[in-house]
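Listed here are the chains, written in short residue letters.
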Amino acid sequence: MPLTCGDDFSSGTGFTADPNQTVTDYLTTWLEAKAYVLKPTTVARYRDYVTHDLIPALGALKLDELGHRHIAAYAHTQLESGRSPVTVHRCLATLSSALGDAVRQHRLAHNPARPTAIPRPAAPERRVWTPQEAVRFLDYCHDADPLIADLCELLIGTGIRKGEALGLHWADVHLKVQMGVTGPPRALSVVASKLTA
C-alpha cells in the first residue's frame, strides 16, 4: 500500500508516504483515481500512455528518485527511435499531470516533469473549406449516401464535433421554423450541457 497513516499532522498532509513506492505503483493508483473524475476517452488515452510508454520506461524507479534527467532521457530516446514529437509530448503531458497531482497532494515537493523536456509541437495549420467547397462536398454526399450527407451537413452547419453529433439524443435537439430567412427551413441548436451520452 503506497500510503500509511501517520501520527504527525504538523505537515498538514495526514499521511506518511511510502519511500519504496515506485513510479508504476503511483501511476497505477493515479489512474484508478482519475477514472472517477475524467471522461472515459481521456482515461483510456491516459491508460494507454501509462501502460505502454511510461511504466515500461520509468516504472521501476522509486517515485522519490524520479528526476528531470530521467524524463528528458526518456523523451530523447523516444524521439531518436522515431516516435512522433506529438505522441512523446502527450506522454510527457500525462506524466506531468500525474506528478502535478502528487505535488498537490504533498506526495512530492516538486514536479520533475516541469519544465517540459521537449517543446510543445506546433499545431499543423488547418485549411478551412470555402462555402463553395462545402456545398460541392455536400452535393456529392447527398448523391453518394444521403444518411451520411445529413450527418455531414449537421457537422458543417453547426461546427460540433463528430462525437458530439453521434452522441446527440432527440431531447438535445431543438428544431425551430425560421420565417423570412433564405436557406434551410430549420435551424439546429445544441444544448452543450446535454452532449454527454
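Here we summarise the structure given alongside this text. (Residues numbered from 1 in each chain as written. Predicted model: local features only at pLDDT ≥ 70, side-chain atom pairs only at ≥ 80, totals over all residues. Heavy atoms only, no water.)

### A word on the packing of aromatic side chains
And then number 1: Evaluated as defined, the whole model comprises two aromatic pairs.
And then number 2: Measuring from ring centre to ring centre gives 4.9 Å for W129 and F137, while their planes differ by 50°; the resulting arrangement is tilted.
And then number 3: Using a relative accessible area of 42% as the deciding quantity, one classes W129 as partly exposed. (Phe/Tyr/Trp six-rings, centres within 6.5 Å; stacked < 30°, edge-to-face > 60°. Buried < 20%, exposed > 50% of the residue type's maximum accessible area, 1.4 Å probe, protein only.)

### Notes on the side chain of R107
And then number 1: Note that R107 resides in the loop between α4 (85–104) and α5 (131–144).
And then number 2: Engagement of the side chain of R107 in a polar contact is seen with the side chain of Q21, the distance being 2.9 Å. (Helix = DSSP H or I, 4+ residues; strand = E, 2+ residues; numbered from the N terminus. Polar contact = N/O pair within 3.5 Å; in protein donor to acceptor, adjacent residues only side chain to side chain.)

### Some thoughts on the pattern of salt bridges
And then number 1: Here the structure, examined in full by the defined rule, presents five salt bridges.
And then number 2: Between E133 and R127 there is a salt bridge, and its shortest N-O distance comes to 2.5 Å.
And then number 3: Taking relative accessible area as the criterion, R127 reaches 60% and is therefore assigned exposed.
And then number 4: A single salt-bridge network, built from bridges that share partners, covers K34, D101 and R104. (Salt bridge = Lys/Arg side-chain N within 4 Å of Asp/Glu carboxyl O.)

### Points about the side chain of S96
And then number 1: As for its position among the elements, S96 is in helix α4.
And then number 2: For S96, the side chain forms a polar contact with the side chain of R114, separated by 3.3 Å.
And then number 3: If we ignore the near neighbours within four places in the chain, the residues touching S96 are N111, A113 and R114. (Contact = heavy atoms within 4.5 Å.)

### Things to note about helix α1 (residues 23–34)
And then number 1: Over its 12 residues, α1 extends 16 Å from the first C-alpha to the last, a length consistent with the 16 Å expected when each residue adds 1.5 Å.
And then number 2: Residues of α1 that are buried: V23, Y26, L27, W30, L31 and K34. The arc that holds every buried residue of α1, seen down its axis, measures 130°, which confines them to one face.
And then number 3: The secondary structure elements touched by the buried residues of α1 are α2 (40–58) and α4. (Expected span 1.5 Å × (residues − 1). Arc of directions from axis to C-beta.)

### Quick word on a positive patch on the surface
And then number 1: Taken together, the side chains of K39, R45, R90, R120 and R161 make up a positively charged region of the molecular surface.
And then number 2: Residue position: R90 is located in helix α4.
And then number 3: Given a relative accessible area of 45%, R90 falls into the partly exposed group. (Patch = residues over 30% accessible without salt bridge, like charges linked within 9 Å, V, L, I, M, F, W, Y side chains within 5 Å. Areas by Shrake-Rupley, 256 points an atom, 1.4 Å probe, with all protein chains shown as cover. Lys, Arg positive; Asp, Glu negative; His and termini not counted. Charge placed at Lys NZ, Arg CZ, Asp CG, Glu CD.)

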